[in-house]
Amino acid sequence: DQQVKQNSPSLSVQEGRISILNCDYTNSMFDYFLWYKKYPAEGPTFLISISSIKDKNEDGRFTVFLNKSAKHLSLHIVPSQPGDSAVYFCAASASRGGSEKLVFGKGTKLTVNP
Amino acid sequence: DSGVTQTPKHLITATGQRVTLRCSPRSGDLSVYWYQQSLDQGLQFLIQYYNGEERAKGNILERFSAQQFPDLHSELNLSSLELGDSALYFCASSVTGVSYEQYFGPGTRLTVT
């Protein structure tokens, strides 16, 4: 049973345009959400996070939006750059779960075309 | 560079064998996590250690075990290997109790033939 779902395996956008990556979760105990970026042959790199007490967090070109009622979050990248081409993983954690373990989605491969 | 190191980078072994994967966390991080990424799968949490003690277990097989040593490095032991154990194994570390951000190593690619 997948608790974190990324339903789009891939996404292709033009350089300079907005990239929107989506993530849905089913476990209502999740209260902290993170996005990771992964290049081939490297480990995932932390990108941005959001606590469930917020609905938006922004860091430069990256913004994460959280809709708790819909159990949905999205990552916006504006403007997209070719160097953003990577696999993006959504992850979630439950602070009352007794562990800081992360539950990951399967990832979305983003390709930004020059 | 995340500051988390993993060795070896690649490992090829035969079914039935035993291997040990090693991880050194970032300086100051007390928590170490192990994740498995199989083909077309997201990262699956295996186990967490905090300051030498097991803190949480995920989908870790009984053939797998881990430990964290006093110097905080961790080892993941995989025994009686099967073809299906072929995967990328990632180690991550964090400052538990401060934030949820985990920092990942480059991974060990295990191939069981």
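Relevant structure appears above.
Residues numbered from 1 in each chain as written. Chains lettered and ligands numbered in written order. Predicted model: local features only at pLDDT ≥ 70, side-chain atom pairs only at ≥ 80, totals over all residues. Heavy atoms only, no water.

A. Examining the overall build of chain B more closely. Across its full length, chain B holds 0 helices and 11 strands. Along chain B, helices (α) and strands (β) appear in the sequence β-β-β-β-β-β-β-β-β-β-β when read from the amino end. Taking 13 Å as the expected radius of gyration for a compact globule of 113 residues, we find that chain B reaches 13 Å, a close match to that expectation. Residues classed as buried in chain B amount to 50% of the 113 residues present. Within chain B, counting contacts between residues at least 6 apart in sequence, those at least 24 apart form 54% of the total. By element, 48% of the accessible surface of chain B is carried by carbon and sulfur atoms, the whole surface being about 5400 Å². The centroid of the 8 positive side-chain charges in chain B is displaced by 3 Å from the centroid of its 11 negative side-chain charges. (Helix = DSSP H or I, 4+ residues; strand = E, 2+ residues; numbered from the N terminus. Rg over C-alpha atoms; globule rule 2.2 N^0.38 Å. Buried < 20%, exposed > 50% of the residue type's maximum accessible area, 1.4 Å probe, protein only. Contact = heavy atoms within 4.5 Å. Areas by Shrake-Rupley, 256 points an atom, 1.4 Å probe, with all protein chains shown as cover. Lys, Arg positive; Asp, Glu negative; His and termini not counted. Charge placed at Lys NZ, Arg CZ, Asp CG, Glu CD.)

B. View of unusual backbone geometry. With omega at -10°, the peptide bond leading from Val78 of chain A into Pro79 of chain A counts as cis. Along the polypeptide, Pro79 of chain A turns up in the loop between strand E8 (72–77) and strand E9 (86–93). Positive phi, normally seen in glycine, also occurs at Asn51 of chain B, with a value near 50°. Along the chain, Asn51 of chain B falls in the loop between strand E5 (43–50) and strand E6 (53–57).

C. Just the interface of chain B and chain A, in detail. Across the boundary between the two partners, chain B contributes 21 residues, which contact 22 residues of chain A. Roughly 1800 Å² of surface becomes buried between chain B and chain A when both sides are summed, with 58% attributable to carbon and sulfur atoms. If you sort the residues of chain B by the area they bury against chain A, Leu43, Tyr100 and Glu101 of chain B come out on top, with a joint share of 37%. Inspection of the region where chain B meets chain A yields 0 salt bridges. Taken together, the connections running from chain B to chain A amount to 4 residue pairs in polar contact (both at pLDDT 80 or more). Looking at the side of chain B that touches chain A, the elements that each hand over two or more residues are strand E4 (31–37), E5, E6 and strand E10 (103–104) of chain B. The residue inventory of the side of chain B that touches chain A, partitioned by class, reads 10 nonpolar, 7 polar and 4 charged. (Buried area = accessible area lost by both parts, 1.4 Å probe. Salt bridge = Lys/Arg side-chain N within 4 Å of Asp/Glu carboxyl O. Polar contact = N/O pair within 3.5 Å; in protein donor to acceptor, adjacent residues only side chain to side chain. Nonpolar A, V, L, I, M, F, W, Y, C, P; charged D, E, K, R; others polar.)

D. Just the nonpolar core, in detail. Within the largest apolar cluster, 24 residues are counted, with the highest numbers of intra-cluster contacts made by Phe33, Trp35, Leu73, Leu75 and Tyr88 of chain A. The set of elements that each furnish at least two residues to this core consists of strand E3 (19–25), strand E4 (32–38), strand E5 (45–51), strand E7 (62–67), E8, E9 and strand E11 (108–113) of chain A. Contact partners of Leu75 of chain A, with chain neighbours within four places excluded, come to Ser19, Ile20, Leu21, Trp35, Leu47, Ile48, Phe62, Thr63 and Tyr88 of chain A. Of all hydrophobic cores here, the second largest spans 21 residues; its members include Ile60, Leu76, Leu78 and Tyr89 of chain B. (Core = buried A, V, L, I, M, F, W, Y, C linked by side-chain atoms within 4.5 Å.)

E. Summary view of the layout of surface pockets. The computed volume of the largest pocket comes to approximately 710 Å³. Lining the largest pocket are 32 residues, and of these Lys38 and Pro40 of chain A together with Gln37, Leu88 and Arg109 of chain B sit closest to its centre. At the level of secondary structure, the elements contributing two or more residues to the lining of the largest pocket comprise E9 and E11 of chain A together with strand E9 (87–94) and strand E11 (108–112) of chain B. Element by element, the count of residues in the lining of the largest pocket is highest for E11 of chain B, at 4 residues. Taken together, the residues of the lining of the largest pocket break down into 14 nonpolar, 11 polar and 7 charged. One number sums up the size of the second largest pocket: a volume of about 460 Å³. Contributing to the lining of the second largest pocket are 25 residues, with Gln3, Lys101, Leu102 and Val103 of chain A together with Asn59 of chain B lying nearest its centre. (1 Å grid on protein atoms, 1.4 Å probe; cavity = no way out; pocket = protein on both sides within 12 Å on 5 of 7 lines; lining within 4 Å. Points joined across faces, edges and corners; volume = space filled by probe spheres on them.)

F. Examining the pairing of E9 of chain B more closely. All names here are of chain B. Buried residues dominate E9, accounting for 8 of its 8 residues. Neither face of E9 is open: one carries Ala87, Tyr89, Cys91 and Ser93, the other Leu88, Phe90, Ala92 and Ser94, and all of them are buried. Pairing analysis gives 7 bridges linking E4 to E9, with the strands arranged antiparallel. In the sheet register, Ser31 faces E9, and the bridge partner there is Ser94. In terms of strand pairing, E9 meets E11 through 3 bridges, oriented antiparallel. (Pairing = 2+ DSSP bridges.)

G. Representation of the sheet that holds E8 of chain A. All names here are of chain A. One open sheet holds the 5 strands; their spatial order is E1-E3-E8-E7-E6, and the pairing between them is antiparallel. Among the strands making up the open sheet, the edge pair consists of strand E1 (4–5) and strand E6 (56–59). Looking at chain direction, E3 and E8 are connected through 6 bridges and run antiparallel. Bridge pairing in E8 places Leu21 opposite Leu75.

All we've got here are geometric facts, nothing functional implied.
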